[in-house]
Amino acid sequence: MNETAKQRWQPSRGDWVFIIIVATVVLVLVLGSGDRKTKTTPDDAIHMHATSRAACMSCHGIDGVKPQPPGHVKADQCFQCHTQPEGWAKP
Ligand code: HEC
Ligand code: HEC
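Structure report, in brief. Here the structure is a predicted model, which means the values were calculated and not measured.

So, how was this worked out
Residues numbered from 1 in each chain as written. Chains lettered and ligands numbered in written order. Predicted model: local features only at pLDDT ≥ 70, side-chain atom pairs only at ≥ 80, totals over all residues. Heavy atoms only, no water. Donors = N, O, S within 2.8 Å, 3.2 Å for Na, K, Ca; no water. Tetrahedral: all angles 85-135°; square planar, octahedral: opposite > 155°, others 65-115°. Helix = DSSP H or I, 4+ residues; strand = E, 2+ residues; numbered from the N terminus. Buried < 20%, exposed > 50% of the residue type's maximum accessible area, 1.4 Å probe, protein only. Near = heavy atom within 4 Å. Polar contact = N/O pair within 3.5 Å; in protein donor to acceptor, adjacent residues only side chain to side chain. Patch = residues over 30% accessible without salt bridge, like charges linked within 9 Å, V, L, I, M, F, W, Y side chains within 5 Å. Areas by Shrake-Rupley, 256 points an atom, 1.4 Å probe, with all protein chains shown as cover. Salt bridge = Lys/Arg side-chain N within 4 Å of Asp/Glu carboxyl O. Nonpolar A, V, L, I, M, F, W, Y, C, P; charged D, E, K, R; others polar.

## A few points about the coordination of the iron atom of ligand 1
Each protein donor to the iron atom of ligand 1 is listed here as His 47 (NE2) and His 60 (NE2); together their distances run 1.9 Å. Considering all six donor atoms around the iron atom of ligand 1, the spread of angles at the metal, 86 to 179°, places the coordination shape in the octahedral class. Linking His 47 in helix 3 (residues 45–49) with His 60 in helix 4 (residues 53–60), this pair joins segments that are 13 residues apart in sequence. Classification of His 60 as partly exposed rests on a relative accessible area of 25%.

Okay, structure coming up:
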């Protein structure tokens, strides 16, 4: 009857490594889900009326007046991170 006791699962070294990796990933995701702290879109006439990525990128593309910093995400939804100005003109 000792057979069942022997087969009880004991975490091996490999299991612990796996558990620690999973715990780390969960921790990173939880800590990363806080409020966004990106710069808001300026509250001026230009930004009030820009409604498409193409419009934004005409100034914030590589050759624009104020390019996005190097390594900036290639995402399309600018306002997902840079909140739009108060009273922004919806398309
Ligand atoms: C006609 C040109 C132009 C267009 C179009 C434009 N911007 Fe800008 N943007 C600027 C300039 C110039 C600055 C830097 C001067 C300033 O802060 O006003 C700037 C600054 C910014 C900043 C940085 C603010 C800071 O605190 O440094 C963000 C974010 C931004 N724009 C997002 C956007 C988004 C999103 C759009 C599209 C909805 C957009 N811009 C369209 C010219 C433009
Ligand atoms: C996934 C989030 C995210 C999205 C989507 C995003 N950005 Fe950014 N953007 C950032 C972060 C983070 C920074 C760095 C802000 C800082 O330095 O404080 C930044 C910086 C910038 C800056 C430079 C601001 C400065 O003062 O130097 C500009 C301009 C800008 N983004 C424009 C855009 C435009 C235009 C779009 C849409 C095509 C866009 N961003 C979409 C996260 C994002």
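## Overview of the site of ligand 1
Around ligand 1, 17 residues are found, and the nearest of them are His 47, Cys 56, Cys 59, His 60 and Lys 66. Interatomic distance of 2.7 Å between a side-chain N/O atom of His 47 and a nitrogen atom of ligand 1. Within the side chain of His 60, one N or O atom sits 2.7 Å away from a nitrogen atom of ligand 1. Of all the elements in the fold, those that place two or more residues in the shell around ligand 1 are helix 3, helix 4 and helix 5 (78–81). Of the residues forming the shell around ligand 1, the biggest block, four residues, is contributed by helix 4.

## Section: the coordination of the iron atom of ligand 2
Looking at the iron atom of ligand 2, the protein donor atoms are His 72 (NE2) and His 82 (NE2), and they sit 1.8 to 1.9 Å from it. One way to put it: the six donor atoms around the iron atom of ligand 2 meet at angles of 87 to 179°, and that makes the site octahedral. With His 72 in the loop between helix 4 and helix 5 and His 82 in the segment after helix 5, the pair connects residues that are 10 residues apart, well separated along the chain. Relative accessible area serves as the criterion here: at 23%, His 72 is assigned to the partly exposed category.

## Describing a nonpolar patch on the surface
Where nonpolar side chains cluster on the molecular surface, the patch consists of Trp 9, Trp 16, Phe 18, Ile 19, Ile 20, Val 22, Val 26 and Val 30 and spans about 850 Å² of accessible area. Inspection of the secondary structure assignment puts Val 30 in helix 2 (residues 13–32). The exposed category is assigned to Val 30, whose relative accessible area is 54%.

## Comments concerning the site of ligand 2
The local shell around ligand 2 holds 16 residues, among which Gln 68, His 72, Cys 78, Cys 81 and His 82 are the closest. Between an oxygen atom of ligand 2 and a side-chain N or O atom of Lys 39, the distance comes to 3.1 Å. Here His 82 contributes a side-chain N or O atom positioned 2.8 Å from a nitrogen atom of ligand 2. Broken down by element, the residue count for the shell around ligand 2 peaks at four residues, all from helix 4. Of the residues assigned to the shell around ligand 2, the class counts are seven nonpolar, six polar and three charged.

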